[in-house]
2 protein chains.
Amino acid sequence: MSRRPAANMTYECSLRTESRSTGGPEWLPASAYTRPMPAPPKSLIVPAVAAKPADAEAPISRGDRKLRTRAHLLAAALQLMGEGRGFGTLSLREITRVAGVVPASFYRHFRGLDELGLALVEESGVTLRRLLREARRTGMPPKDILRRSVQIFRDYIHAHRLHFMFVAGERSGGSALIRAAVRAEERHFIDEMSHDLRQFGLMPGSSTAALHMACGLVVTTMMNAATDFLDVPPDQPQLEREITENFVRQLRLIFLGARVWRE
Amino acid sequence: MSRRPAANMTYECSLRTESRSTGGPEWLPASAYTRPMPAPPKSLIVPAVAAKPADAEAPISRGDRKLRTRAHLLAAALQLMGEGRGFGTLSLREITRVAGVVPASFYRHFRGLDELGLALVEESGVTLRRLLREARRTGMPPKDILRRSVQIFRDYIHAHRLHFMFVAGERSGGSALIRAAVRAEERHFIDEMSHDLRQFGLMPGSSTAALHMACGLVVTTMMNAATDFLDVPPDQPQLEREITENFVRQLRLIFLGARVWRE
DNA sequence: AAGTTCAGTAAACGTACGTTCACTGAATAT
DNA sequence: ATATTCAGTGAACGTACGTTTACTGAACTT
C-alpha cells in the first residue's frame, strides 16, 4: 500500500485538460484569469480542501504569478507526501498534475526533483525556526514549563503537519542529499535552542558542549515525538494523551539528567 | 540524485540474458546448475562482491532452492537500499534484476512489494533482537559499561549495515504499513531491553513504567546514532569518534536522569 | 504602438514499469 | 516408469514516466 496506484488506471491526461472543461471551475469565475489559469490543485482523494484557499482576486504581475506557481508545486509535493509517502516516491508528473500545471512547466522553476526537495527543506527549516522564535517571544512560564511546552509543540505540529511530516520522514530515510540538508537544518535548530537555553539561564552549571549535547538529545526526542503525534488517527485523543505524557516524562528525565551532569 | 537513473539507458532486458552468455559465469562452473541457474545478483555498480558469496556446491531440494531465491530477493532489495534509497523507491523489476531472476518470478514468493517489505522488517527485527541477546550473553562489564556498549553497538551496526539502514530509514519515512511494522518491532525491542535492565538490577529504584519510558528514550537515541554512524564515510575515523563520544554522553545523561528519577 | 521576454502549453520521444499468461523441465510423488 | 507439481521463463499488454521541442500570448520594455 501507499505506493503509486499500482498501474491500470484511467490514463493520467484526462485529468487536467478535461477537468477544466467538464466538472472544473464552478468554484471560481473562470474569467478571473485570462488564460494560464491553473486547474485547481485538488488531491485525487479529497477534492476541495487545502492549497489555494480562495486567495484569488488579482495577483497580476508576472513575477508574482511565477512565485504563485512555484508555491503550488511545493504545496503539491507536500500534499502528496501528506498521504503518507516518501519524497523519493513522488513523480514529477504527479506533482505538476496536483499543482494544476503541465509537466514541462516544472522546469521553469526547478532543475529537477532534487532541487524542489531542497526548497522544501528550506521552507520546513523556516517553519522549524519559527517555533523557537515564538517560544522565545512568549517567554517560558515558570510553572509546568515542560507540559506547557509540549502542548504548544503538539499544536504547532498539527498546524504545520505537512512540514513536520516532511522533515521527520526525510531526516533518516530517502536520498542522501535531502537527508544531509535536513540534518543541517536540524543542527541550526539545535544551535539556536542551546543558545536560547543558555540565555534563559536554564542549566547554568553546564558547559556549552554539554548544553549542546543535551539539546541534541531533546531534538531527537522531539522529532520522534513528532512522528508519533502525526501517526495518531484524529479520533484517538486517548492515544494522543499517552504520547504527550510519555514525551513530557522523557523531557523531564533529560533535564533531570542535565541538572546533575558533570564532565 | 539518488533516485532512479533518470531515464535514457540501455534498456533493461539486455542485462540479464546477455550477462549470462557474454561476460557472465566464469566465476563458477556453469554446470553447477542444470537450468534455472540464477544470474549473479551483482549490483550495477560493484559487480563482484556481496550476496551469494560462493555458497554454491549443491543445494538440491526444490524447497531449498525456493528459499534461496527468496533470500536473493530480500538481499537484492536491501542492497539497493544500501545505495541510499528508500524502500518506496524500489521497483519490482529492479529487485528481480539484481536478484538474477525474471520479474514474473517475484510473484512466486511475494504477493507484491509490500509483502517483501514486511519480510524485511521481520528479518531486521531478528537482527535487532540478536544484538540484545548477545549483550545478555556477554553480561555487562561493570567498568565503562556505556562506552563499551556503544563500541559494541557501533561494530554491530557496521556488521549489519543494511538491516540498520532499512530500519532507520523506514522507521519514520515511507509507507504507513511498513512504518507501523517497524515501530512494532521497536516496541518489542524496548520491552526486552527494559526487562533485561530490570534483570541486571540497573535502576532498581524505578517503577516499570519509568524504566520503560527511559528505554524508549535510549532506543530513540540509539536509532538516531545508528543513522549518524551509517552516514559517516568510511575514511573519517575522526568524525566517527565524535559521534561515538556524543552518543556515550547522551546515554550517560539519560541514565543519570533515570537514577534520580521520581514520579 | 511595436518589440521583447518568458511562464505556461501541447505533443512527441524513448524508456521503465507492474502484471498476466502459457510454457518448460527438473524435483518430487505415485 | 509415469504422472504431477511448481519455481523460473519469455513475451506481451497497457500505463506512466522524464525530458525535449516548437508554440502561444499576456506581461513588460522601448
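Whatever comes next refers back to the structure up there.
Because the structure is a prediction, the values reported are computed rather than measured.

S.K.: I'd like a description of the nonpolar core, backed by residues and values.
M.R.: The biggest cluster of nonpolar side chains holds 125 residues, and the ones touching the most others in it are A:Leu116, A:Phe166, B:Leu116, B:Phe153 and B:Phe166. Apart from the residues lying within four places of it in its own chain, the contact partners of B:Phe166 are B:Leu78, B:Met81, B:Phe87, B:Gly117, B:Leu120, B:Val121, B:Ser124 and B:Ile178.

S.K.: For the packing of aromatic side chains, give the residues involved together with the corresponding values.
M.R.: All names here are of chain A. Counted by the stated rule, this structure contains 12 aromatic pairs over all chains. Centre to centre, the rings of Phe106 and Tyr107 are 5.9 Å apart; their planes meet at 80°, and the pair counts as edge-to-face. We classify Phe106 as buried; its relative accessible area is 0%. Here Tyr107 falls in the exposed class, since its relative accessible area comes to 53%.

S.K.: Explain helix α5 (residues 145–159) of chain A residue by residue, including any values.
M.R.: For α5(A), built from 15 residues, the straight-helix expectation of 21 Å at 1.5 Å per residue is met to within 8% by its first-to-last C-alpha distance of 21 Å. On its buried face, α5(A) is in contact with α4 (113–138), α6 (161–170), α8 (208–231) and α9 (237–259) of chain A.

S.K.: Can you explain helix α7 (residues 176–200) of chain A? Please cite residues and give values.
M.R.: Residues and elements named next belong to chain A. Compared with an ideal rise of 1.5 Å per residue, which puts 25 residues at 36 Å, α7 spans 36 Å between its outermost C-alpha atoms and is within 8% of the ideal. The backbone nitrogen of Leu177 has a side-chain oxygen 3.2 Å away, supplied by the residue at the start of α7, namely Ser175. In the stretch just after α7, Gly201 is the one whose phi turns positive, near 80°.

S.K.: Describe the relation of the copies chain A and chain B, naming the residues involved and giving the relevant values.
M.R.: The transformation that overlays chain A on chain B combines an axial shift of 0.0 Å with a rotation of 180°, and the residual RMSD is 0.0 Å. When the rotation and shift are considered jointly, the pair of chain copies conforms to a two-fold rotation axis. Among all C-alpha atoms of chain A, that of A:Gly257 lies closest to the rotation axis, at 1.8 Å.

S.K.: Tell me about the packing of helix α4 (residues 113–138) of chain B against helix α7 (residues 176–200) of chain B, residues and numbers included.
M.R.: Residues and elements named next belong to chain B. Interaxial distance between α4 and α7 falls to 9 Å at its minimum, and their mutual angle equals 10°. In this view, α4 runs roughly parallel relative to α7, as classed from their interaxial angle. Crossing geometry of α4 relative to α7 is assigned as right-handed. Residues Asp114, Gly117, Leu118, Val121, Glu122, Gly125, Leu128, Arg129, Leu132 and Arg136 of α4 lie in contact with α7, whose contacting residues are Leu177, Ile178, Ala181, Val182, Glu185, His188, Phe189, Glu192, Met193, Asp196 and Phe200. Across the contact of α4 with α7, the residue classes break down as 11 nonpolar, three polar and seven charged.

S.K.: Go over the interface of chain A and chain B, please, and point to the residues and values.
M.R.: Counting residues at the interface gives 45 residues for chain A and 45 residues for chain B. Both sides together, the interface formed by chain A and chain B hides about 3,800 Å², and carbon and sulfur atoms give 57% of it. At the boundary of chain A and chain B, one finds five salt bridges. Two residues, B:Arg249 and A:Glu263, come together in a salt bridge whose shortest N-O distance is 3.4 Å. In this structure, the connection of chain A to chain B is made through 13 residue pairs in polar contact (both at pLDDT 80 or more). Among the elements of the structure, α4, α6, α7, α8 and α9 of chain A are those that each provide at least two residues to the side of chain A that touches chain B. Residue contributions to the side of chain A that touches chain B peak at 10 residues, all from α8(A).

Analysis parameters
Residues numbered from 1 in each chain as written. Chains lettered and ligands numbered in written order. Predicted model: local features only at pLDDT ≥ 70, side-chain atom pairs only at ≥ 80, totals over all residues. Heavy atoms only, no water. Core = buried A, V, L, I, M, F, W, Y, C linked by side-chain atoms within 4.5 Å. Buried < 20%, exposed > 50% of the residue type's maximum accessible area, 1.4 Å probe, protein only. Contact = heavy atoms within 4.5 Å. Phe/Tyr/Trp six-rings, centres within 6.5 Å; stacked < 30°, edge-to-face > 60°. Helix = DSSP H or I, 4+ residues; strand = E, 2+ residues; numbered from the N terminus. Expected span 1.5 Å × (residues − 1). Polar contact = N/O pair within 3.5 Å; in protein donor to acceptor, adjacent residues only side chain to side chain. Least-squares fit on C-alpha atoms with pLDDT ≥ 70 in both. Axes fitted to C-alpha atoms, helices over the stretch in contact; angles between N-to-C directions. Parallel < 35°, antiparallel > 145°, perpendicular 65-115°, else oblique. Left-handed = near helix turned anticlockwise from the far one by under 90°. Nonpolar A, V, L, I, M, F, W, Y, C, P; charged D, E, K, R; others polar. Buried area = accessible area lost by both parts, 1.4 Å probe. Salt bridge = Lys/Arg side-chain N within 4 Å of Asp/Glu carboxyl O.

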